[in-house]
Amino acid sequence: MTTEINATALAVFIFFFALVTVMGFFAARWRKPETLAHIDEWGLGGRNFGTWITWFLVGGDFYTAYTVIAVPALVYAVGAYGFFALPYTIVVYPFVFMVMPVLWKRARDNGYVTAGDVVHGQYGSRALELAVAITGVIATMPYIALQLVGMTVVLKALGLTGELPLAIAFIILAVYTYSSGLRAPALIAFVKDIMIYIVVIVAVAAIPMKLGGYASVFAAADADFQAKGAGNILLGGNQYVAYASLALGSALAAFMYPHTLTGIFAANSGNTIRKNAVLLPAYTLLLGLLALLGYMAHAAKLTVTSPNDVVPALFQSLFPSWFVGFAFAAIAIGALVPAAVMSIGAANLFTRNFWKAYVNPAVTDAGEAKVAKVTSLIVKIGALLVILFLPTQFALDLQLLGGIWILQTLPALVFGLFVNWFRAPGLLAGWFVGFFGGTYLVWLQGLKPLIPISLGGAPFTVYIGLLALLANITVAVVVNLLAPRRTVARA
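Here is a short report on the structure shown in this document. Here the structure is a predicted model, which means the values were calculated and not measured.

**Focus: the overall build of the chain**
- Broken down by element type, the chain carries 22 helices and two strands.
- Over its C-alpha atoms the chain spans a radius of gyration of 22 Å, differing by no more than 12% from the 23 Å that the globule rule assigns to 491 residues.
- With respect to the principal axes defined by its C-alpha atoms, the chain has extents near 70 × 65 × 40 Å.
- When burial is assessed residue by residue, the chain has 58% of its 491 residues classed as buried.
- Considering only contacts within the chain whose residues lie at least 6 apart along the sequence, 85% involve residues at least 24 apart.
- Summing over all exposed atoms, the chain offers an accessible surface of approximately 18700 Å²; the carbon and sulfur share of this is 70%.
- If you average the places of the 26 positive and of the 16 negative side-chain charges in the chain, the two averages end up 8 Å apart.

So this is what it looks like as structure tokens:
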């Protein structure tokens, strides 16, 4: 992959990066409220985003820069198994359609800002609220760091080496997020998503024509996998259960993250969320086309030091410099939107479920907004330090753990929306077993999210997150049956 600076590509990249920077600061005046000194306005955009804004925002923080880099990289490395992201982003939307409008209404009616608020209001338990909040924050931090990984790959491909370019980009992001809150990524998401759509559509149309058509692409990928004795363009062996369980577990976890919940809470109605559950699968089509770039890299006979370099190398080898700059800008901007929403979601959790709960219960609305702004800066700085001083694999391993961790908040957050049978002690015990038991299993597997199981027949591999969730729910049910019932006043 070229590491010399390409002046044309860099100029186009800087132009679009500057454009979204201006938009980020302008966002403070977009749909301007009476004041941004309120966490509802700064952290949730006034809960007033309609269908299209929500579509771009949720799509922008669900389909990230690291997705653009990592999904084709995984397909390039292992083949069909890398497509697990497609069924998971299909399965998730019926869940969103049924559950999220109910959650949105609970939050809207009671002024809740975070998952922790919802859980405390439902069960009156500070301990369960804190468990949910801490899980959300620590699961989000490596996710933000991985956005920086995606941006780092692009900057390196442009020839911008060293730590300074990445630091400058993230400082700019931090400043306009501090100024404009959720309105900044919501506005930038329009540009980011349109650019990504253009890049992917052009790529999947033009690249196969340059490589002899899709038949040649699949044949080349299949030949490479056969030659190295690993990977395949079709699932095989014991991959079926692993593929299905990873897709299901990822789908259930996806909208438990603070950043996706922030996009849901910012919607202006439950109907807006239902419309988005119908419209958002368009991004899944985009993701499927994007994943094919991994096979195209085999047909292009690329030589890369890391699978993460596949997408930049493919564009550099097959497209003119100006389009390379445009594509790299789209990927880099694709890091800014989710990173901003993730830091806001984590900041909201800290402010409402730690600062207000334990440090300053009498904090004013303006004080809450101030704490959230400062916390969002600290979260971004923390993610930047992870990338600068720790191996990238560390962030990746933690992110895999993060999916298992955040999945353990599902019973506490979702079950109470529909039934009043569960109680805080059982849910807290279930969370504890699922969180730490899942972590232990991942540790035993060398920080891999899958574990082989044998039930007397042929062994199969299953996603640890689902096993941990099953243990979580089982423990919650057992403790609920054994513990004496107490009446809890719901907020």
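**Some words on empty space enclosed by the protein**
- Tallied over the full model, the rule gives five cavities of 30 Å³ or more.
- In this structure, the largest cavity spans a volume of roughly 100 Å³.
- Taken together, 15 residues make up the lining of the largest cavity; nearest its centre are Thr 114, Ala 115, Pro 258, Leu 261 and Leu 349.
- Secondary structure elements with two or more residues in the lining of the largest cavity: helix 7 (126-157), helix 12 (258-265) and helix 17 (321-359).
- Counting residues per element, the lining of the largest cavity draws most heavily on helix 12, at four residues.
- Residue composition of the lining of the largest cavity, by class: nine nonpolar, six polar and no charged.
- There is about 70 Å³ of room inside the second largest cavity.
- The biggest single contributor to the lining of the second largest cavity is helix 14 (residues 281-291), with four residues.
- Of the residues assigned to the lining of the second largest cavity, the class counts are seven nonpolar, two polar and two charged.

**Topic: the environment of Phe 326**
- For Phe 326, the location among the structural elements is in helix 17.
- Judged by relative accessible area, which is 12%, Phe 326 ranks as buried.
- Considering only alpha carbons, one finds Phe 326 and Ile 14, 312 residues apart in sequence, at a separation of 9.5 Å.

**Thoughts on a nonpolar patch on the surface**
- On the surface, Phe 418, Val 419, Trp 421, Val 478, Leu 481 and Leu 482 cluster together into a nonpolar patch covering about 610 Å² of accessible area.
- Note on placement: Val 478 falls in helix 22 (residues 464-482).
- With relative accessibility at 40%, the residue Val 478 sits in the partly exposed group.

**A look at the packing of aromatic side chains**
- Under the definition given, this model contains 31 aromatic pairs.
- Judged by centre distance (5.3 Å) and plane angle (25°), the ring pair of Phe 315 and Phe 319 falls under stacked. Neither Phe 315 nor Phe 319 differs from the other in exposure class; each is buried.
- In textbook terms, an aromatic cluster arises when at least three aromatic residues are bridged by ring pairs, as seen for Phe 15, Phe 16, Phe 315, Phe 319, Trp 322, Phe 323 and Phe 326.

**Things to note about the nonpolar core**
- Of all hydrophobic cores here, the largest spans 180 residues; its most connected members are Met 100, Phe 255 and Phe 315.
- Element by element, the count of residues in this core is highest for helix 17, at 20 residues.
- With near-sequence residues (within four places) excluded, Phe 255 lies in contact with Val 58, Phe 62, Val 92, Tyr 93, Val 96, Met 100, Thr 260, Leu 261 and Ile 264.

**Let's talk about the packing of helix 3 (residues 51-62) against helix 9 (residues 183-211)**
- Packing of helix 3 against helix 9 leaves a shortest axis separation of 8 Å and a crossing angle of 70°. Classified by the angle between their axes, helix 3 and helix 9 sit roughly perpendicular to one another. For the pair helix 3 and helix 9, contact is made by Trp 52, Ile 53, Trp 55, Phe 56, Leu 57, Gly 59 and Gly 60 and by Pro 185, Ala 186, Ala 189, Phe 190, Lys 192, Asp 193, Ile 194 and Tyr 197, respectively.
- For the contact of helix 3 with helix 9, the class distribution of residues is eleven nonpolar, two polar and two charged.

**So, helix 13 (residues 270-279)**
- What helix 13 keeps buried is the set Gly 270, Thr 272, Ile 273, Asn 276 and Ala 277. Along the axis of helix 13, the buried positions cluster into a sector of 155°, meaning they face one direction only.
- Looking at the packing, one finds that the buried side of helix 13 touches helix 3, helix 5 (85-110), helix 12 and helix 14.

**Observations concerning unusual backbone geometry**
- Positive phi values are uncommon outside glycine, yet Arg 47 reaches one of about 50°.
- The topology assignment puts Arg 47 in the loop between helix 2 (39-44) and helix 3.
- Unusually for a residue other than glycine, Leu 447 sits at a positive phi of about 65°.
- With respect to the helices and strands, the residue Leu 447 is situated in the loop between helix 21 (424-444) and strand 1 (450-453).
- We classify Leu 447 as partly exposed; its relative accessible area is 25%.

Quick notes on the rules
Residues numbered from 1 in each chain as written. Predicted model: local features only at pLDDT ≥ 70, side-chain atom pairs only at ≥ 80, totals over all residues. Heavy atoms only, no water. Helix = DSSP H or I, 4+ residues; strand = E, 2+ residues; numbered from the N terminus. Rg over C-alpha atoms; globule rule 2.2 N^0.38 Å. Buried < 20%, exposed > 50% of the residue type's maximum accessible area, 1.4 Å probe, protein only. Contact = heavy atoms within 4.5 Å. Areas by Shrake-Rupley, 256 points an atom, 1.4 Å probe, with all protein chains shown as cover. Lys, Arg positive; Asp, Glu negative; His and termini not counted. Charge placed at Lys NZ, Arg CZ, Asp CG, Glu CD. 1 Å grid on protein atoms, 1.4 Å probe; cavity = no way out; pocket = protein on both sides within 12 Å on 5 of 7 lines; lining within 4 Å. Points joined across faces, edges and corners; volume = space filled by probe spheres on them. Nonpolar A, V, L, I, M, F, W, Y, C, P; charged D, E, K, R; others polar. Patch = residues over 30% accessible without salt bridge, like charges linked within 9 Å, V, L, I, M, F, W, Y side chains within 5 Å. Salt bridge = Lys/Arg side-chain N within 4 Å of Asp/Glu carboxyl O. Phe/Tyr/Trp six-rings, centres within 6.5 Å; stacked < 30°, edge-to-face > 60°. Core = buried A, V, L, I, M, F, W, Y, C linked by side-chain atoms within 4.5 Å. Axes fitted to C-alpha atoms, helices over the stretch in contact; angles between N-to-C directions. Parallel < 35°, antiparallel > 145°, perpendicular 65-115°, else oblique. Arc of directions from axis to C-beta.

Remember that the coordinates give geometry; whether it matters functionally is a separate question.
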